[in-house]
Amino acid sequence: MSESEGAPKKRFPLTLDFVTGDAGRKKAVTSPRMNSLQTATQNAARHAASASSSATAGKTSRPVTGARGVSGSSASTANTPPVSSTKITSTSTGFASSRSGSSGSTLPKPMATHASERSDLPLVSEAVRKAMVQRIAQQGVSDPAVLSAMEAVPRHYFLEPGLASQAYIDASLPIGYHQTISQPYIVARMIEVMRGGISGRLGKVLEIGTGCGYQAAVLAQVANEVYSIERIRPMHELARTNLRPLRIANLRLHYGDGMLGLPQAGPFDGIILAAAGLEIPQGLLDQMAIGGRLVAPVGERNQVLTLLTRTARNEWMSETLEPCHFVPLRPGTFG
Ligand code: SAH
């Protein structure tokens, strides 16, 4: 069985029609399919069953305290039985409406040399990447668009040469500055949860924590526009260097504090946090489109993957999925 069957193969550099995407996407995004939540829950349950640790995954829909962000103290509730979904209203005035933002674009510029011609990286066969994708599928990720994206992006481009041979094992790896590239499974899982079972492309997506740029590249395969923020300047520069040869036209990198989001570019159909905070900043909640989905690790030592769905202007739903482990979300900028 080929998990990526049915989804078009994508090769870099991406073509213009790939960047543009289809116009039908937004409709799907503003009407999230509820069965996707069930899928996420089933997956979480499977992961929990296979993990012998005491931490038990499960769906826990709960209120969102809109005025203060989502508290991470709920991480400890991962072991509690699911409770019914609760709607909570917020006094929030909503997200900023400016959608211009393109003038400040830090879009990677095309390079004369195609990535595949880089000589400083070992040749990694596509079969190795296919095997990685098969393992991810076996772990419960089933969205064909996500599996196809994982197969299209050369993960070894984002690692220093000494680690490139390990690029396709299912592990997080160091990328410098005490940060790590997330394990392939969790990258795929988070994007699948954010997509929520839709069949087409997402509209606008924001990533907090660019790191080496790998997840941003994967996101750019499944969304029309991707914005990614990194707070460590040299890491931001590294991501730009890593991504430049891939010439991904629908990806914009920003240096700054991602806890503030990117109001000038929102609202976003999807937001992914690649670092764990004790709560999800209110600014990010406000920058979600109605029907938009935010996926984030929440907690300190005991982190849980959390899905927020904005169901109305002043209403969000929260679900906790499975245990996870991420580097911390930190305020401000560095470097
Ligand atoms: N998605 C990345 C994972 C990077 S690890 C990848 O594919 O490589 C998480 C990153 O989040 C780190 O680089 C860290 O510096 C960054 N980070 C933490 N807090 C942040 C914040 N407030 N704003 C932006 N980036 C942040």
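Further up the page is the structure itself.
Residues numbered from 1 in each chain as written. Predicted model: local features only at pLDDT ≥ 70, side-chain atom pairs only at ≥ 80, totals over all residues. Heavy atoms only, no water.

Some points on the pairing of strand 4 (residues 173-176)
Pairing geometry for strand 4 and strand 5 (residues 179-181), over 3 bridges, is antiparallel. Opposite P174, over in strand 5, you have T180 as the bridge partner. As consecutive antiparallel partners, strand 4 and strand 5 are separated by 2 residues, and within that stretch Y177 has a phi angle of approximately 55°, a positive value. (Pairing = 2+ DSSP bridges. Helix = DSSP H or I, 4+ residues; strand = E, 2+ residues; numbered from the N terminus.)

Let's talk about the pairing of strand 11 (residues 288-298)
With 10 of 11 residues buried, strand 11 lies mostly within the body of the structure. One ladder, built from 6 bridges, connects strand 11 with strand 12 (residues 303-312); its direction is antiparallel. Residue pairing for strand 12: L294 is matched across the bridge by L308. Here strand 11 folds back onto strand 12 in antiparallel fashion, the turn holding 4 residues, of which G299 has a positive phi close to 130°. (Buried < 20%, exposed > 50% of the residue type's maximum accessible area, 1.4 Å probe, protein only.)

A closer look at the packing of aromatic side chains
With the rule as written, the count across this model stands at 2 aromatic pairs. With a centroid separation of 5.9 Å and 70° between ring planes, the pair formed by Y227 and F268 is classed as edge-to-face. Separated by 41 residues along the polypeptide, Y227 in strand 7 (residues 223-230) and F268 in strand 9 (residues 268-273) bring together distant segments of the chain. Of the residues examined, F268 reaches a relative accessible area of 0% and is grouped as buried. One Lys or Arg, R155, reaches over the ring of Y214 and ends 5.4 Å from the middle of that ring. (Phe/Tyr/Trp six-rings, centres within 6.5 Å; stacked < 30°, edge-to-face > 60°. Lys NZ or Arg CZ within 6 Å of the ring centre and 35° of its normal.)

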